[in-house]
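Structural characterization, general
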Amino acid sequence: MGILRVVGTPIGNLEDITLRALRTLKESDFILCEDTRVTRRLLDHYKIQTPTISYHQHSGELKVDKILVLLKEGKDLALVTDAGTPGISDPGGKLVSEARAALGNNFKIESIPGPAALTTAVSIVGAGFDRFLFLGFLPHKKGRQTMLKEIIASEYPVIVYESKHRAAKFLSEIIKFEKEAGVEKEIIVARELTKMFESLYFGKAIEVLESLQIDSNNLKGEFVILIKSKLKDKNKAQYGEE
Ligand code: SAM
């Protein structure tokens, strides 16, 4: 039986990859990629010639069966995502579950850890994130309003992922629900982490939104949004945890 190795890859800067990850990508029989073109850039950079197979959120049973056959034949597979650690807001977790369910306990899955956008963001925003609630991408429609209300009401800091199309919308929604609840949160937007235009924006949602909207380039790229747990109750004079 082959081994499935779940490999963390950079979230932007191609140098953010471990020696073990590079060796694994070189030595595997195949690399399972969310988007083979994205992973090809990384592989070309490190002159890795391992053949790739696409595995993404729309991959069906046939593709999973093909992957399971390869493992049964003794092929070692590396699973990567477009950015960061497979299984965090991407289809990686689904494949790991399917393989585990089909192949049972004799089958080995190894982690080759690397960066993730949320831990990278937490590492540079400062105190207040010893514990947090990670919600990944909010649903676009059904359930979105409920989750936004939960974010506003949360006693824990909350971290979400947003695409460039929705970062401003998300902040506008936060402002609306803050008004309804009579609270103001501290927001941090971490944009384009590890890349040339890496930037952090701190402040109230309205302030952060204004900073992003000052220049349309600020709304480009990839975003992690962190919502601190400190609530400002408008009826109270100070910020407080409870
Ligand atoms: N598996 C990934 C991880 O380990 O973080 C995340 C994959 S998810 C499909 C992609 C989202 O992660 C983006 O929409 C963005 O919210 C966040 N992200 C990825 N790279 C980022 C970066 N360089 N800067 C800020 N956010 C990033």
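Residues numbered from 1 in each chain as written. Predicted model: local features only at pLDDT ≥ 70, side-chain atom pairs only at ≥ 80, totals over all residues. Heavy atoms only, no water.

Describing the site of the ligand
Keep this limit in mind: Any residue with a heavy atom positioned within 4 Å of a molecule or strand is treated as near that molecule or strand. By the criterion applied in these results, polar contacts are pairs of N or O atoms within 3.5 Å in which, for protein atoms, one can donate a hydrogen and the other can accept it, and in which residues neighboring in sequence qualify only through two side-chain atoms. Accessible surface is estimated by sampling points in the Shrake-Rupley manner with a 1.4 Å probe; for residues, cover comes only from the protein chains shown. Strands here are runs of E lasting at least two residues and helices are runs of H or I lasting at least four, both read from the DSSP assignment and numbered beginning at the N terminus.
Thr-85, Asp-90, Ala-117, Tyr-161 and Phe-223 are the nearest of the 19 residues found near the ligand. Measuring from an oxygen atom of the ligand, one finds a backbone N or O atom of Thr-85 at 2.8 Å. Notes on the ligand: free accessible area 580 Å², of which the protein chains cover 93%. When contributions to the shell around the ligand are tallied by element, the ones reaching two or more residues are strand S7 (158-162) and strand S11 (223-227).

Concerning the pattern of salt bridges
When charged atoms on two side chains of opposite charge get close, those side chains can pair. This is how the line gets drawn: Whenever a carboxyl oxygen of Asp or Glu lies within 4 Å of a side-chain nitrogen of Lys or Arg, that contact is scored as a salt bridge. Using a 1.4 Å probe on the protein chains alone, a residue whose accessible area is under 20% of its type maximum counts as buried, one over 50% counts as exposed, and one in between counts as partly exposed.
Under the definition given, this model contains 13 salt bridges. As a salt-bridge pair, Glu-110 and Arg-20 come within 4.0 Å of each other at their nearest N and O atoms. With Glu-110 in strand S5 (residues 109-112) and Arg-20 in helix H1 (residues 19-27), the pair connects residues that are 90 residues apart, well separated along the chain. Of the residues examined, Glu-110 reaches a relative accessible area of 18% and is grouped as buried. Judged by its relative accessible area of 37%, Arg-20 is partly exposed. Salt bridges sharing partners connect three or more residues here, namely Arg-5, Arg-20, Asp-76, Lys-108 and Glu-110.

Remarks on the domain arrangement of the protein chain
Heads up, the condition is: Segmentation into domains, and thus their bounds, comes from an automatic or database assignment. Two residues qualify as a contact provided that any one of their heavy atoms is within 4.5 Å of a heavy atom in the partner residue. When two parts are brought into contact, each loses some accessible area as probed by a 1.4 Å sphere; the total of that loss over both is the buried area.
Per the domain assignment, the segments of the protein chain are domain 1 (4-112) and domain 2 (117-239). Once you take the C-alpha centre of each, domain 1 and domain 2 turn out to be 31 Å apart. Across the boundary between the two partners, domain 1 contributes 6 residues, which contact 10 residues of domain 2. Here domain 1 packs against domain 2, burying approximately 570 Å² in sum over the two surfaces, 64% of which is carbon and sulfur. Scanning the region where domain 1 abuts domain 2 turns up 0 salt bridges.

Details of the sheet that holds strand S4 (residues 77-79)
Just so we agree on the cut-off: Note on pairing: two strands pair once DSSP finds at least 2 bridges between them. To get an axis, fit a line to the C-alpha atoms, keeping to the stretch in contact for a helix; angles then go from 0 to 180 degrees between the N-to-C directions.
The 5 strands lie next to each other as S3-S2-S4-S1-S5, forming an open sheet whose pairing is parallel. The open sheet is flanked by strand S3 (52-54) and S5, the only strands paired with a single partner. Put simply, the sheet's adjacent strands are angled 25 degrees from each other on average, direction ignored. With 3 bridges joining them, strand S1 (residues 4-7) and S4 adopt parallel strand pairing. Across the sheet, Arg-5 pairs through a bridge with Ala-78, a residue of S4. Sheet strands touched by helix H2 (residues 36-45): strand S2 (30-33) and S3. Its angle to S3, the strand with the most contacts, is close to 155 degrees.

Some thoughts on helix H4 (residues 92-103)
Residue pairs three or four apart in sequence face the same way in an α-helix, which turns once every 3.6 residues. To keep things clear, this is the line we draw: Expected helix span is computed as 1.5 Å times (number of residues minus one). This arc is taken over the directions from the axis of the helix to the C-beta atoms.
With 12 residues, H4 extends 17 Å between its outermost C-alpha atoms, agreeing within 8% with the 16 Å of an ideal straight helix rising 1.5 Å per residue. If you check which residues of H4 are buried, you get Gly-92, Leu-95, Val-96, Ala-99 and Leu-103. Here the buried residues of H4 occupy an arc of 100 degrees about the axis, which is enough to place them on one side. On its buried face, H4 sits against S1, S2, helix H3 (61-72), S4 and S5. Taken from the residues just after H4, Gly-104 is the one with a positive phi, measuring 75 degrees.

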